[in-house]
Amino acid sequence: MILYQLSCDDEHTFEAWFRDSGAYDEQAKNGHVECPYCGSTKVAKAPMAPRIVSGVSDRAAEPTSSSDGEWDINKMDQNRAQEVAQKILDAVGNIREYAEKNLENVGDEFAEEALKIHHGETQERGIYGRASEDEARELEKEGVQFVRLPGTPRRNG
Ligand SMILES: [Zn+2]
């Protein structure tokens, strides 16, 4: 998962999660990354956006370049990594809180509802819920925009 800070051609800045940098490139190229403020699909990575990469980097052998404002977690010292991890957790908490306040909880119907909204078969609205790995892949294939929150707790009912 990568959190990108993005800006649109109207200079709104916002953050979005992507599976990896390739997913961002593809979704941006296909106009699937939309500014939440004005709906513009002309988005670009904001200057100095931190890039958070978990797992193995295929560029690990390269020296860290600070000129493009990118860094990855493998190159950070432990304290910094923990600090960033906490920030990510906070951010996830904020997103979850926002979702719970502002979006409709569709529970396990998430993938189905998201697809219906995507195809214009039901009222367009913000929803949140749970999806399996397979469902998430299907949504990505369809070009549905969604954000994955790691470690979303299971709820009863
Ligand atoms: Zn905008």
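Please read all numbers here as calculations on a predicted model, not as lab measurements. Note that residues are indexed from 1 along each chain, following the sequence as it is written. For this predicted model, a pLDDT threshold of at least 70 governs which residues receive local features, and a threshold of 80 or more governs which side-chain atom pairs are given and counted, while totals over whole chains, interfaces and linings are taken from all residues. Values reported for side chains reflect all heavy atoms of the structure, with hydrogen atoms and water molecules removed beforehand.

## Observations regarding unusual backbone geometry
Most peptide bonds adopt trans geometry, and most residues besides glycine take a negative phi value. Under the convention used in this document: By definition, any uninterrupted DSSP run of H or I lasting at least four residues is a helix, any uninterrupted run of E lasting at least two residues is a strand, and each is numbered from the N terminus. Summary of the burial criterion: residues with accessible area below 20% of their type's maximum are buried, those above 50% are exposed, and those between are partly exposed, where the area comes from a 1.4 Å probe applied to protein chains only.
Positive phi values are uncommon outside glycine, yet E11 reaches one of about 65°. Along the chain, the position of E11 falls in the loop between β1 (2-8) and β2 (13-18). For E11, a relative accessible area of 70% puts it in the exposed group.

## Concerning the environment of N30
Topologically, N30 is positioned in the loop between α1 (21-29) and β3 (43-45). Given the relative accessible area of 44%, N30 is considered partly exposed. Note: C-alpha distance between N30 and T41 (eleven residues apart in sequence) is 8.9 Å.

## Regarding the coordination of the zinc ion
Rule in force here: Only nitrogen, oxygen and sulfur atoms count as donors, using a 2.8 Å cut-off from the metal that widens to 3.2 Å for Na, K and Ca. Water is left out, so coordination shells may look unfilled.
Coordination sphere of the zinc ion, protein contribution only: C8 (SG), H12 (ND1), C35 (SG) and C38 (SG), at 2.0 to 2.3 Å. Every donor residue of the zinc ion comes from the same chain, spaced as C-x3-H-x22-C-x2-C. Taken together, the positions of C8 in strand β1 and C38 in the loop between α1 and β3 put the pair 30 residues apart, joining distant regions of the chain. Given a relative accessible area of 6%, C8 falls into the buried group.

## Structural notes on α1
Spelled out, the test is: The arc in question is formed by the directions pointing from the helix axis toward the C-beta atoms. Any two residues whose heavy atoms approach within 4.5 Å are treated as being in contact. Think of a polar contact as two N or O atoms within 3.5 Å of one another; within protein, one of them needs to be a possible hydrogen donor and the other a possible acceptor, and neighboring residues in sequence only count if both atoms come from side chains.
Those residues of α1 lying buried are A23, Y24 and A28. Buried residues along α1 cover an arc of 120° about the axis, so they all sit on one side. For α1, exposure combined with an orientation more than 90 degrees from the buried face picks out E26 and K29. Buried residues in α1 make contact with β1, β2 and β3. Where α1 begins, the side chain of D20 points an oxygen toward the backbone nitrogen of G22, at a separation of 3.0 Å.

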